[in-house]
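Secondary and tertiary structure notes
Each chain is listed here by its residues.
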Amino acid sequence: MPERVIIHVDLDYFYAQCEELRKPHIKGKPVAVCIYSGRTAESGAISTSNYPAREIGIKSGMAIFQAKRLAEGKGVVFLPADIDHYSEISERVMAILRLHSDKFEQVSIDEAYLDVSLKTDGSFDYGKEIAHLVKRAVFEKEKLTCSVGIGPNKLIAKMAASVKKPDGLTLITPSKVKEFIEPLPVKKLYGVGPKSEEKLNTIGIDTIGQLSRTDLRKLMELFGEKTGIYFHEAASGIDNEPVEESEREQISRIVTLKENSVDFEVISKEILPMSDEIAKELKKEGRRFRSVGIIAILDDLSTKTKTHTIDYHTDSPEALSQISADLLEEFLKGSDRKLRRFGIKVSGFGEKKEQKDLKSFF
Ligand code: DCP
Ligand code: MG
Ligand code: MG
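Note that this is a predicted model, so its numbers are computed, not measured. (Residues numbered from 1 in each chain as written. Chains lettered and ligands numbered in written order. Predicted model: local features only at pLDDT ≥ 70, side-chain atom pairs only at ≥ 80, totals over all residues. Heavy atoms only, no water.)

**Examining the side chain of Thr-314**
Selection criterion: Here a strand is any run of E in DSSP of at least two residues, a helix any run of H or I of at least four, and the numbering for each starts at the N terminus. Each residue is assigned to one of three classes by its accessible area relative to the maximum for its type, calculated with a 1.4 Å probe on protein chains only: buried under 20%, partly exposed between the two thresholds, exposed over 50%. The definition of a polar contact used here is a pair of N or O atoms within 3.5 Å, where within protein one atom must be able to donate a hydrogen and the other to accept one, and adjacent residues in sequence count solely through side-chain atom pairs.
The topology assignment puts Thr-314 in strand β11 (residues 303-314). Taking the relative accessible area as the measure of exposure, Thr-314 reaches 10% and is therefore buried. There is a polar contact of 3.0 Å between the side chain of Thr-314 and the backbone nitrogen of Ser-316.

Rendered as structure tokens:
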């Protein structure tokens, strides 16, 4: 069996980078994105911070009041999190990543695995080229930087991606796996939390290399069978978890309108580019839909949807844009509030069409 070639992509200081993009004047300043709990004006936690803010010590998970203490006199910009906005950007980035992979698995709002074994025929040099291509595409289309790792499995790809941040690219070929992970402290191994770390340290196991040389029975005694086996294999760089495509129930696109509007002519201009993008994804995945919906986020931030189901499956962008336009027209007749954001979605997927040759996606 040829080698698997797996790429892990993680966007850099994601929420804060999204904020820098829409507020260019804050670029270069330390930026902290806050999730307010609402209990008091200042209670809540830092969700993320850009790299200048991290230098001051402001990090994810820290209490806002604590961060404000560190920030005193340093010109730190504190902003409230706008998850809708970051999700919108995330969806577009994930669509780009999906296009570059044979198999795709999103694992969080800013992270995904791409299995490119087929595309590359198992060549890591080619895998590295694809990783560069992906970074360039994300930067050109969304102006975002990310860090990527390429390795023979998910575990190594993820660990490789964290080696150099921000804007990093790290390739660990199968022959370099041991050399790469053995000197790292055990806490760097995915799945080793602070408790396991402490347990391992007290019996003299500090590095991943030492862990890999520890008797399996001893690890099973300490951590139970399942975890024991996992630690033993992972410490040797072994991981057979497949990149698992999540079965999607819907594909959607949403945009923020330049100005809030109730004007059909203005809003419907957004339909064509969105349906083209959705159609491209449908084609790539060999999917056809039966239901089309519109999503309207109004100026009071309430969300309204309207859906129409037809009696056959199709992947036609024309059908998608026509039905979306009809739904929009109908919706606007019954609404007097302005739309702030507008989106379209497809669902009700039928059987997947067989993809004759996966390599045709090169
Ligand atoms: N996040 C959060 N609270 C946390 C950790 C993360 O709200 N405790 C959110 C904000 C992050 C996003 O998830 O921007 C992605 O998390 P990452 O761990 O990938 O962190 P960043 O992308 O912010 O930084 P990095 O450059 O280290 O990836
Ligand atoms: Mg990130
Ligand atoms: Mg992440």
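Additional details are given in the paragraphs that follow.
**Some words on the confidence of the model for the chain**
Stated precisely, the cut-off is as follows: Confidence of the predictor at the level of single residues is given by pLDDT, which spans 0 to 100. For this analysis, residues touch if any pair of their heavy atoms sits within 4.5 Å.
Per-residue pLDDT for the chain has a mean of 93; in total, 96% of the residues score no lower than 70. Note that residues 354-362 has pLDDT below 50 and, in this model, 13 contacts with residues that lie over four places away or in other chains.

**Comments concerning the coordination of the magnesium ion (ligand 2)**
Definition in use: A donor here means any N, O or S atom no more than 2.8 Å from the metal (3.2 Å for Na, K and Ca); water is not included, so a site may seem to lack partners. Square planar and octahedral assignments, for four and six donors respectively, both demand that opposite donors be over 155 degrees apart and that all other angles lie between 65 and 115; tetrahedral needs four donors with all angles between 85 and 135 degrees, and anything else is irregular.
Within the protein, the magnesium ion (ligand 2) binds to Asp-10 (OD), Leu-11 (O) and Asp-110 (OD); these donor distances fall in the range 2.0 to 2.2 Å. Metal-centred angles of 81 to 174° between the 6 donor atoms at the magnesium ion (ligand 2) mark the site as octahedral. One chain supplies every donor for the magnesium ion (ligand 2), spaced along it as D-L-x98-D. A spacing of 3.5 Å is found between the magnesium ion (ligand 2) and the magnesium ion (ligand 3), which share Asp-10 as a donor. Judged on exposure class, the residue Asp-10 and its partner Leu-11 are both buried.

**Regarding the layout of surface pockets**
As a reminder of what qualifies: Within this scheme a cavity is a closed region of a 1 Å grid, computed over the protein atoms alone, that accommodates a 1.4 Å probe without allowing it to escape, whereas a pocket is open but has protein on both sides within 12 Å along at least five of seven lines; lining residues each have an atom within 4 Å of a point. Grid points are joined across faces, edges and corners, and a volume is the space filled by probe spheres set on the points. Ten residue types, Ala, Val, Leu, Ile, Met, Phe, Trp, Tyr, Cys and Pro, are classed as nonpolar, four, Asp, Glu, Lys and Arg, as charged, and the remainder, Gly among them, as polar.
Empty space within the largest pocket amounts to approximately 640 Å³. In terms of lining residues, the largest pocket is bounded by 29 residues, among which Asp-10, Glu-111, Lys-158, Ser-162 and Lys-165 are the most central. Contributing elements (two or more residues each) for the lining of the largest pocket: β1 (6-11), α1 (14-22), β3 (44-49), α2 (51-56) and α7 (154-161). Per-class residue counts for the lining of the largest pocket are 13 nonpolar, 6 polar and 10 charged.

**Quick notes on the sheet that holds β1**
The strands that make up a sheet are held in pairs by hydrogen bonds between backbone atoms, and each pair lies either parallel or antiparallel. Going by this rule: If DSSP finds at least two bridges between two strands, the strands pair. Helix axes use the C-alpha atoms of the stretch in contact, all axes being lines fitted to C-alpha atoms, and the angles between their N-to-C directions lie in the range 0 to 180 degrees.
If you trace the 5 strands from one edge of the open sheet to the other, you get β5-β6-β1-β7-β8, paired in mixed fashion. Every interior strand has two partners, whereas the edge strands, β5 (103-108) and β8 (169-171), have only one. Across this sheet, the average inter-strand angle for adjacent strands is 15°, counted without regard to direction. Bridging between β1 and strand β6 (residues 111-115) involves 5 bridges; their strand directions are antiparallel. Within the sheet, the bridge partner assigned to His-8 lies in β6 and is Tyr-113. Strands in contact with helix α4 (residues 83-99) are β1, β5 and β6; relative to β5, the strand with the most contacts, it is inclined by about 155°.

**Focus: the site of ligand 1**
Spelled out, the test is: We call a residue near a given molecule or strand whenever any one of its heavy atoms falls within 4 Å of it. Note that accessible areas follow from Shrake-Rupley with a 1.4 Å probe, and for residues the cover is restricted to the protein chains shown. Think of it this way: a molecule belongs to a cavity or pocket when more than half its atoms come within 2 Å of the grid points there.
Surveying the vicinity of ligand 1 reveals 13 residues, the closest of which are Tyr-13, Thr-48, Arg-54, Asp-110 and Lys-165. Ser-47 places a main-chain nitrogen or oxygen 3.4 Å from a nitrogen atom of ligand 1. Residue Tyr-51 places a side-chain N or O atom 2.8 Å away from an oxygen atom belonging to ligand 1. Considered on its own, ligand 1 offers 550 Å² of accessible surface; in the complex 69% of this is hidden by protein. Judged by its atoms lying within 2 Å of the grid points, ligand 1 is housed in the largest pocket.

**Points about the environment of Ala-16**
Structurally, Ala-16 can be placed in helix α1. Setting aside anything within four residues of it in sequence, one finds Ala-16 in contact with Val-31, Val-33, Thr-48, Ser-49 and Asn-50.

**Description of the coordination of the magnesium ion (ligand 3)**
Taken together, Asp-10 (OD), Asp-110 (OD) and Glu-111 (OE) make up the full set of protein donors to the magnesium ion (ligand 3), lying 2.2 to 2.4 Å away. Counting residues between consecutive donors of the magnesium ion (ligand 3) along the chain gives the motif D-x99-D-E. What makes Asp-110 buried here is its relative accessible area of 11%. We classify Glu-111 as buried; its relative accessible area is 13%.

**Describing the pattern of salt bridges**
To be explicit about the condition: Any carboxyl oxygen of Asp or Glu that lies within 4 Å of a side-chain nitrogen of Lys or Arg is treated as forming a salt bridge with it.
Applying the stated criterion across every chain yields a total of 24 salt bridges. Between Lys-68 and Glu-42 there is a salt bridge; the shortest N-O distance is 3.0 Å. Linking Lys-68 in helix α3 (residues 64-71) with Glu-42 in the loop between β2 (31-36) and β3, this pair joins segments that are 26 residues apart in sequence. A residue is classified by how much of its surface remains accessible, and Lys-68, at 27% relative accessible area, is partly exposed.

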